[in-house]
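Analysis of the macromolecular model
Each chain, written out:
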Amino acid sequence: MFKALLVDKAEDGTVSQTIEEIGEDRLPEGDVTVAVAYSTLNYKDGLCVNATGGLVRNFPHVPGIDFAGTVEESSDPRYKPGDKVVLTGWRVGEVQWGGYAQKARVKADYLVPLPAGLSMKQAMAVGTAGFTSMLAVMSLEDHGLRPENGPVLVTGAAGGVGSVATAILANRGYEVAGVTGRADQADYLKDLGASTIIPREELAEPSGKPLEREVWAGCVDAVGGAMLSKVLTQMQYGGSVAAVGLAGGAAMTGATVVPFLLRGVNLLGIDSVMQPFENRQRAWQRIVEDLPMRKLEAMIRPAMLSELPQLGRDILKGQVKGRVVVDVNA
């Protein structure tokens, strides 16, 4: 028996979240059984914990799109009992049971060996949010971004993706401007390396102009919506925006094709869920090299399984700062 957070949805739409003791026979099919040590909280987890957004179709359900732990059993030769592993993505925690439990069972293809230089707790402080941030930075640099090109904008900077992106970019020598709607987070963002703090309202609405003054050499955008539309008009010639989220909405209200046609701006879509193994290894290695562990530790908010229902509601309201690390055994 092991402990898990079970989310259920009644026929009348009522959602419940309970901590229960369940048996291994209820775990999904898979090659590898993992004793989970830590999980984390992402925006998607908030949707799954609250049974909103249509991500979870079958109930009862164990959410948790990320986890780190130790292999207990494996029928795949790539992993053996005692190996430390990390999982992010692959729709685990959405279409199959995930990491908000003391045990998980998944396909071996979904796992990555815990990178040397990271503890399991640190890996979950990174989680999908930090992994996505690293993919975004890699994509921007693959498209020519360099520190000498000019300032880089990070929207939703106090959130999970934004916090890690800010720390990585600053550590790599970029001048980082962080956008936030929470004025009280200015010192937090400056400690992560942001040199400029931009109030969200300055970029919240499109100006109505197809182009504005060229400002940003690059951008990691976790907001989408109207803010992304405005940011595109302010990109430097040949600059790139890595789009990683839609906290501000999916519709790019006010956007035109003019920035792409007259300034050669690149809009780079970043997906972390289905990344192939080789890209995952590259990103995790870059995280070890480029994310200062001191700054990562400063982002951590520890939590237990019992706190996840409330935290799941908070993250959907934009009220969670940094990275929540869930000790499933606490």
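Residues numbered from 1 in each chain as written. Predicted model: local features only at pLDDT ≥ 70, side-chain atom pairs only at ≥ 80, totals over all residues. Heavy atoms only, no water.

**Observations concerning the overall build of the protein chain**
For the protein chain, the count of helices and strands is nine helices and 15 strands. For a compact globule of 330 residues, the expected C-alpha radius of gyration is about 20 Å, and the protein chain comes in at 20 Å, within 12% of that figure. Split into buried and exposed, the 330 residues of the protein chain put 57% on the buried side. Taken as a whole, the protein chain presents about 13600 Å² of accessible surface, with 50% of it coming from carbon and sulfur. One way to put it: in the protein chain the 32 positive side-chain charges average out to a point 3 Å from where the 38 negative ones average out. (Helix = DSSP H or I, 4+ residues; strand = E, 2+ residues; numbered from the N terminus. Rg over C-alpha atoms; globule rule 2.2 N^0.38 Å. Buried < 20%, exposed > 50% of the residue type's maximum accessible area, 1.4 Å probe, protein only. Areas by Shrake-Rupley, 256 points an atom, 1.4 Å probe, with all protein chains shown as cover. Lys, Arg positive; Asp, Glu negative; His and termini not counted. Charge placed at Lys NZ, Arg CZ, Asp CG, Glu CD.)

**Observations regarding the pairing of strand S12 (residues 235-243)**
Pairing analysis gives five bridges linking strand S11 (residues 216-221) to S12, with the strands arranged parallel. Note that in S12 the partner of Cys219 across the bridge is Val241. The sheet contact formed by S12 and strand S13 (residues 266-269) spans four bridges and is parallel. Bridged to Ser240 within S13 is Asn266. (Pairing = 2+ DSSP bridges.)

**Describing the packing of helix H2 (residues 120-142) against helix H7 (residues 277-290)**
When two helices pack together, their arrangement is captured by the angle between the axes and the distance separating the axes. At a closest axis distance of 9 Å, the pairing of H2 and H7 adopts a crossing angle of 100°. For the element pair H2 / H7, the angle class is roughly perpendicular. Residues Ala123, Val126, Gly127, Gly130, Phe131, Met134, Leu135, Val137, Met138, Glu141 and Asp142 of H2 pack against Arg280, Arg282, Ala283, Trp284, Arg286, Ile287 and Asp290 of H7. Residues of the contact of H2 with H7, tallied by class, amount to 10 nonpolar, two polar and six charged. (Axes fitted to C-alpha atoms, helices over the stretch in contact; angles between N-to-C directions. Parallel < 35°, antiparallel > 145°, perpendicular 65-115°, else oblique. Contact = heavy atoms within 4.5 Å. Nonpolar A, V, L, I, M, F, W, Y, C, P; charged D, E, K, R; others polar.)

**Some words on a nonpolar patch on the surface**
A contiguous nonpolar patch, built from Val257, Leu261 and Leu262 and spanning about 330 Å² of accessible area, is present on the exposed surface. Relative to the elements of secondary structure, Leu261 occurs in helix H6 (residues 258-262). For Leu261, a relative accessible area of 64% translates into the label exposed. (Patch = residues over 30% accessible without salt bridge, like charges linked within 9 Å, V, L, I, M, F, W, Y side chains within 5 Å. Salt bridge = Lys/Arg side-chain N within 4 Å of Asp/Glu carboxyl O.)

**Describing the environment of Phe2**
For Phe2, the position within the fold is in strand S1 (residues 2-9). The spatial distance from the C-alpha of Phe2 to the C-alpha of Lys103 is 6.8 Å, given a sequence separation of 101 residues. Phe2 has contacts with Glu20, Glu21, Ile22, Gly23, Glu24, Leu27, Ala101, Gln102 and Lys103, leaving out every residue within four places of it along the chain.

**Section: the packing of aromatic side chains**
Counting across every chain of the model gives two aromatic pairs. When the ring of Trp90 is compared with that of Tyr110, the centres are 5.3 Å apart and the planes differ by 10°; the resulting orientation is stacked. Taken together, the residues span a long stretch of sequence, with Trp90 in the loop between strand S5 (84-88) and strand S6 (103-106) and Tyr110 in the loop between S6 and strand S7 (111-113) at a distance of 20 residues. Across this residue pair, the class does not change: Trp90 and Tyr110 are buried. A centroid spacing of 5.9 Å and a plane angle of 25° characterise the contact between Phe131 and Trp284, whose relative ring orientation is stacked. Here Phe131 is found in helix H2, whereas its partner Trp284 is found in helix H7, with 153 residues between them in sequence. The exposure classification of Phe131 matches that of Trp284, with both residues buried. Over the aromatic face of Tyr188 sits the side chain of Lys321, whose NZ or CZ is 4.7 Å from the ring centroid. (Phe/Tyr/Trp six-rings, centres within 6.5 Å; stacked < 30°, edge-to-face > 60°. Lys NZ or Arg CZ within 6 Å of the ring centre and 35° of its normal.)

**Concerning the nonpolar core**
Among the nonpolar cores identified, the biggest contains 52 residues, and Leu169, Val220, Trp284, Leu291 and Met299 are the most heavily contacted of them. Those elements giving two or more residues to this core turn out to be H2, strand S8 (152-154), helix H3 (160-171), helix H4 (186-192), S11, H7 and helix H8 (293-299). With 13 residues, H2 is the single largest residue contributor to this core. Residues contacting Val220, with those up to four places away along its chain left out, are Ala136, Leu140, Leu153, Val154, Thr155, Ala165, Leu169, Ala242 and Val244. Core analysis: the second largest hydrophobic core is formed by 36 residues, Val34, Val62, Trp90 and Ala104 among them. (Core = buried A, V, L, I, M, F, W, Y, C linked by side-chain atoms within 4.5 Å.)

**Some details on unusual backbone geometry**
With the exception of glycine, the majority of residues adopt a negative phi angle, and the majority of peptide bonds are in the trans configuration. Between Phe59 and the following residue, Pro60, the backbone shows a cis peptide bond with an omega angle of -5°. Within the fold, Pro60 resides in the loop between helix H1 (43-49) and strand S4 (66-74). The phi dihedral of Ala51 is positive, around 55°, even though this residue is not glycine. Within the element layout of this structure, Ala51 appears in the loop between H1 and S4. For Ala51, a relative accessible area of 12% translates into the label buried.

**Structural notes on the pattern of salt bridges**
The final tally for this structure, using the stated rule, is 16 salt bridges. Among the salt bridges present, the one from Lys103 reaches Glu24, with a minimum N-O distance of 2.5 Å. With Lys103 in strand S6 and Glu24 in the loop between strand S2 (15-22) and strand S3 (32-40), this residue pair connects regions lying 79 residues apart in the sequence. Judged by its relative accessible area of 27%, Glu24 falls in the partly exposed class. A cluster of three or more residues bridged by salt bridges with shared partners is formed by Glu24, Glu72, Lys103 and Arg105.

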